[in-house]
Amino acid sequence: QVQLVESGGGLVQAGGSLRLSCAASGRTFSNYAMGWFRQAPGKEREFVAGISWNGGNTDYEDSVKGRFTISRDNTKNTVYLQIDSLKPEDTAVYYCAAQIGAVFRRFNKSHYWGQGTQVTVSS
């Protein structure tokens, strides 16, 4: 089992920045590729970003490229999502997810999920 706990969400104005964190506990963190998803009200959950076990490979949904940066620190068992130039349409609950394997595959099943952290962007 892997437990994932997100933090860092909040209410920010458009154009602002946030850094989300996802702390993992349980199994060996570096055994997992990690990803971030989000779910806006009334919409399906969507992939945002993924990172390989060692941070060497990253993947982003097109709409967030250039504004979102995923990273990880395996010594701290934590994955991060830096969000810059926030837009009202970024408002959503953000979830982190863990996949067994080296590379995060956006269409593959994620084995573990956090509870989510709310990001609200005001215009």
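Each remark here, short or long, concerns the structure printed above.
Per chain, the residues get numbers from 1 upward, laid out in the order the sequence is written. Where local features are concerned, this predicted model is filtered to residues with pLDDT of at least 70; where side-chain atom pairs are given and counted, the filter is 80 or more; whole-chain, interface and lining totals use all residues. Calculated side-chain values reflect all of the structure's heavy atoms, with hydrogen atoms and water omitted.

> How should I be thinking about unusual backbone geometry in this particular structure?
Glycine aside, a negative phi is what most residues show, and trans is what most peptide bonds show. Of note, Asn77 is a non-glycine position whose phi angle comes to about 55°, a positive value. Along the chain, the position of Asn77 falls in the loop between β7 (68–73) and β8 (78–83). By relative accessible area, which is 27% here, Asn77 ends up partly exposed. Even without glycine at this site, Ser85 takes up a positive phi of about 50°. Numbering of helices and strands runs from the N terminus; a helix is a DSSP stretch of H or I covering at least four residues, while a strand is a stretch of E covering at least two. Classification of residues uses two cut-offs on accessible area relative to the type maximum, computed with a 1.4 Å probe and protein chains only: under 20% is buried, over 50% is exposed, and between them is partly exposed.

> When you look at the pairing of strand β1 (residues 2–7) in this model, what are you seeing that I'm missing?
For a regular strand, side-chain orientation follows a simple rule: the groups alternate between the two sheet faces. In β1, alternate side chains face the same way, and those of Val2, Leu4 and Glu6 are buried while those of Gln3, Val5 and Ser7 on the opposite face are not. For β1 and strand β3 (residues 18–26), the ladder comprises six bridges, and the chain directions are antiparallel. Bridged to Leu4 within β3 is Ala24. Should DSSP find at least two bridges between two strands, the strands are taken to pair.

> Explain the environment of Glu44 here, please?
By the element assignment, Glu44 lies in the loop between β4 (32–39) and β5 (46–51). A relative accessible area of 70% means that Glu44 is categorised as exposed. Through-space distance from the C-alpha of Glu44 to that of Ala92 is 11 Å; in sequence the pair is 48 residues apart. The criterion used for residue contact is that any of the two residues' heavy atoms lie within 4.5 Å. Ignoring anything within four residues of it in the chain, the contact list for Glu44 reads Arg38 and Gln39.

> Just to check I follow, could you spell out the sheet that holds β3 for this structure?
The strands making up a sheet associate through backbone hydrogen bonding, with each pair oriented either parallel or antiparallel. Pairing is antiparallel in the open sheet, where four strands are placed in the order β1-β3-β8-β7. Each edge of the open sheet carries a strand with a single partner, namely β1 and β7. Shown here is a sheet whose adjacent strand axes are inclined to one another by a mean of 15°, direction ignored. Note on definitions: angles span 0 to 180 degrees between N-to-C directions of axes, and those axes are lines fitted to C-alpha atoms, for helices only across the stretch in contact.

> What is the right way to look at the packing of aromatic side chains in this model?
Here a ring pair, both rings aromatic, is described through the centre-centre distance and the interplanar angle of the planes. Stacked, tilted and edge-to-face are the three classes assigned to paired rings of Phe, Tyr and Trp, where Trp is represented by its six-membered ring and a pair needs centres within 6.5 Å; plane angles under 30 degrees give stacked, over 60 edge-to-face, the rest tilted. One pass over the full model with this rule turns up five aromatic pairs. Over the ring of Tyr95 we find Arg45, and its NZ or CZ is 5.5 Å from the ring centre. Look at NZ for Lys and CZ for Arg. If either is within 6 Å of the ring centre and within 35 degrees of the ring normal, a charge sits over the ring. Here the basic side chain of Arg45 rests over the ring of Trp113, its NZ or CZ set 3.7 Å away from the ring centre.

> Would you take a moment to explain the pattern of salt bridges for this structure?
Side chains bearing opposite charge may pair, as long as their charged atoms lie close to each other. By convention in these notes, a salt bridge is any Lys or Arg side-chain nitrogen within 4 Å of a carboxyl oxygen on Asp or Glu. For the structure shown, the criterion picks out five salt bridges. Ionic pairing is found between Asp59 and Arg106, a salt bridge with its closest N-O pair at 2.9 Å. Placement of the pair is Asp59 in strand β6 (residues 58–60) and Arg106 in the loop between β9 (92–100) and β10 (112–113), with a sequence separation of 47 residues. Judged by relative accessible area, which is 24%, Asp59 ranks as partly exposed. With a relative accessible area of 26%, Arg106 lands in the partly exposed category. The residue Asp62 makes a salt bridge to Lys65 at a minimum N-O spacing of 3.2 Å. The exposed category is assigned to Asp62, whose relative accessible area is 58%. Linked through salt bridges whose partners overlap, the residues forming this network are Arg38, Glu46, Arg67 and Asp90.

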